[in-house]
Amino acid sequence: MSSNPPEHVLHTRKGEPVTFLEAIAEALWEEMERDPDVFLMGEDIGVYGGAFKVTRGFLDAFGTHRVMDTPIAEGGFTGAAAGAAHMGLRPVVEMQFMDFISPAYDVLTNYIATSAYRGAGSLPMVIRGPVGGGNRGGPFHSQNVEMAFFHTPGLKIVYPSTAYDAKGLLKAAIRDEHPVIFEEHKGLYRAPYLREVLPDDDYVVPIGKARTAREGTDVTVVTYGLMVHRSLDAADRLAEEDGISLEVVDLRTLLPLDEDHVVESVQRTGKLLVVHEDTRTGGIAGEVAIRVNERAFEWLDGPILRVTAMDAPVPYAGVLEDAFLPSVNDIAEAARYLARY
Amino acid sequence: MDLLQELLRARALEDLLAARAPRVGAFDRGRVSVSPAVPAARALHRARDGSGDVFSARIGAPAAALTLGIDPRVLVRQALGSATAPAAGRSPGGFPTDLDLGLLEPVELPGILVEVMAGVALAFRVRGEARVALLVDDMAGSASGDWHEGLNLAAVREVPMVLVVDHAVGGPMDAPVAEMGARAAAYGFGSHRVDGTDPRAVEKVVWNAVEAARAGDGLQVVDVAPPSSDPVQWLAESLIAAEAITAEALAAVVGTAEEEMRRALEEVESEPQPDPALVRPSPGLSGRVPSSSTVTE
């Protein structure tokens, strides 16, 4: 144990429940203790402890060589992280908000994603940060970025929905030999309903494996991130009000997509609804739909539907953002329609 | 003589590849590109076990890789996209990554290598290793944001990095200043300048920059002014004039170099093309970088 660990990385060791954010902090802390090659880079992650205080106290414990405050230059420090990874280090890059990953798009897609394929060596590195709306953050602090990278072979994209998965998947991402984009929904960071006691052992959650968050028989809902919880709420409502049984599949990893898990579920329910907070056009719903069409068309008893954010930048005013984001009502309505189709 | 020999080997390889694989970016820069890359590479601490300095170059890449000990056949395989190339035909690259030799594959994207090499140097600093990351580039990259961000980070973190800028290539639209030295105070890097005509002078100035970086002086930038004549020819004539070599001996060295590269090409041309199944990623290429197969025997 490094000296002076901050309180928020000790809950599991004390047998106490953790929030989603604390689970992430614990994963980072434990990986840094386990492997001296793991280090952190990002804007204000050291002295300030990060915009969301994920890394509060890390600088004092690990020093400036392992907790590096960077210039506001996402392309520059992401590229530098790649160079460090070439030399055997395992950088974990924090995007203060994932909206800011766009300046690093060039180096991520052209250089980092292609490195192993080019024979230049795989790059073990994680790019993590907060995503998602609902916090009245407006267009530049609320986006989901997965589909900007989903089309890029060579990258992995992880998007957990529970504290257990956040910790286990982040550890898996840090230990992975390939670059992983790790999305953390801000709405989950301190959500009281996500507090849970985690196993006090060195568990990892494998990348590329979906999970069934709720078993059901009438409609498969494929989703991830915060929308898992909206979908579970919709499932509760439909079970109570209509006697409809939703199966909720949490993708957990978007790239590579756990196609087998989705197909198996659809083959049992015969109906598919895809729910994502990301905008509609070019969203992951399209990819999930075509894969189910390719592999399970004959099992389908209805159209594949999707509930997503609207095709618009994320609006600022509360009433606009609420209208923009998928709601429990939206999900319940679509699922009810499908169940009765 | 060693320097001239290395330049002539590099020249022979470049001439051959320029004719056989003209689309490989590193070979379309004209006949001066072997310098400053070769003398810059000679200024590094070279090792074959991954403990030396690390080199990359958008300009003159294959030439410098030869200097750092790579087998010419490997460079030919890479350029021709052969099945036996380290990248197995998936990437042209001026040279393949071989971390044992200190080679990091260059990419054609201006600016990105500045960021990546800053990260390489950052790793050296973090680990307290007395190693240096050196990149040879031209001014074209200086117009990109990546270039600026990489240099800025390298300067802020005072990492042991050297950027050698070859002004023999590039155009008037690249930058509002003629040389990087004009930006030294703004960025906070050590500035060096040398005329590109004499490769020996280039090697000496780059060596000074490398040792300054190694000593903890942080980022160093070397402006190499366009040569007044072909540096290889200039050096050969200088050595003949100084009676350090005869014209006959020079011709023999050229002949040996050309023969070595011709044999390398012949051997590689008879090798198979990549299996189309390799289009998709495979576990074989996803792990650590191959190394021993690329070293000159």
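For every chain, the first residue of the written sequence is number 1, and numbering continues from 1 onward in sequence order. A letter from A marks each chain and a number from 1 marks each ligand, given out in the order of writing. Confidence filtering applies because this is a predicted model: local features only for residues at pLDDT of at least 70, side-chain atom pairs given and counted only at 80 or more, and all residues used for totals across whole chains, interfaces and linings. Only hydrogens and water are set aside; all other atoms, that is, all heavy atoms of the structure, feed into the side-chain values.

A. Spotlight on the pairing of strand β6 (residues 180-185) of chain A. Residue and element names in this part refer to chain A. Counting buried positions along β6 gives six out of six residues, so the element sits mostly inside the fold. Burial classes: relative accessible area under 20% of the type maximum marks a residue as buried, over 50% as exposed, and values in between as partly exposed (1.4 Å probe, protein chains only). Helix numbering and strand numbering both begin at the N terminus, where a helix is a DSSP run of H or I of at least 4 residues and a strand a DSSP run of E of at least 2. The side-chain alternation of β6 yields two buried faces, one formed by Val180, Phe182 and Glu184 and the other by Ile181, Glu183 and His185. Summarising the sheet, strand β4 (residues 126-131) and β6 pair through six bridges and their orientation is parallel. Considered in β6, the bridge of Ile127 is made with Ile181. The rule for pairing is simple: two strands pair if DSSP sees at least two bridges between them. The sheet contact formed by strand β5 (residues 156-158) and β6 spans three bridges and is parallel. If you follow Ile157 over to β6, its bridge partner there is Ile181. This β-α-β element, β5 to helix α6 (residues 163-175) to β6, shows right-handed connectivity. By convention a crossover is right-handed if, when the strands point away from the viewer, the path from the first strand over the helix to the second runs clockwise.

B. Here's a closer look at the nonpolar core. Ile101, Tyr111, Ile284 and Val288 of chain A together with Met161 of chain B are the most contacted members of the largest nonpolar core, which has 86 residues in total. With 11 residues, the top contributor of residues to this core is helix α5 (residues 112-127) of chain B. Should any heavy atoms of two residues lie within 4.5 Å, those residues are counted as being in contact. Beyond its immediate chain neighbours, meaning those up to four positions away, Tyr111 of chain A contacts Ala82, His86, Asp106, Arg118 and Leu123 of chain A together with Leu104, Glu105, Val107, Ile112, Leu113 and Val116 of chain B. Counting residues in hydrophobic clusters, the runner-up holds 63 residues, among them Leu10, Ala25, Leu59 and Val248 of chain A. Residues belong to a common nonpolar core when they are buried Ala, Val, Leu, Ile, Met, Phe, Trp, Tyr or Cys residues joined through side-chain atoms within 4.5 Å.

C. Region of the structure containing the pairing of strand β3 (residues 161-166) of chain B. Residues and elements named next belong to chain B. Within β3, six of the six residues are buried, leaving the element largely enclosed by the surrounding structure. Every second residue of β3 is oriented toward a common face, with Met161, Leu163 and Val165 on one face and Val162, Val164 and Asp166 on the other, all of them buried. Of the pairings in the sheet, the one linking strand β2 (residues 133-137) to β3 comprises five bridges and is parallel in character. Bridge pairing in β3 links Ala133 to Met161. Handedness of the β-α-β unit built from β2, helix α6 (residues 145-156) and β3 comes out right-handed. Across five bridges, β3 lies against strand β5 (residues 220-225) in parallel orientation. Paired with Asp166 across the two strands is Val224, which belongs to β5.

D. Inspection of helix α8 (residues 226-241) of chain A at higher detail. Residues and elements named next belong to chain A. With 16 residues, α8 should reach 22 Å at 1.5 Å per residue; the first-to-last C-alpha distance of 23 Å fits that figure. Every buried residue of α8 is listed here: Leu226, Met227, Val228, His229, Ser231, Ala234, Ala235 and Leu238. Gly243 lies just past α8 and shows a positive phi near 70°. One less than the residue count of a helix, multiplied by 1.5 Å, gives the span that helix is expected to have.

E. Expanded view of the sheet that holds β5 of chain B. All names here are of chain B. Strand order across the open sheet formed by five strands is β1-β2-β3-β5-β4, with parallel pairing between neighbours. Bordering the open sheet on either side are β1 (54-57) and β4 (190-195), each of which pairs with just one other strand. Adjacent strand axes in the sheet meet at a mean angle of 15°, parallel and antiparallel pairs treated alike. In this analysis, axes come from line fits to C-alpha atoms, helices being fitted only over the stretch in contact, and the angle between any two N-to-C directions falls in the range 0 to 180 degrees. Lying on the sheet, α5 is in contact with β1, β2 and β3; it crosses β2 at an angle near 165°.

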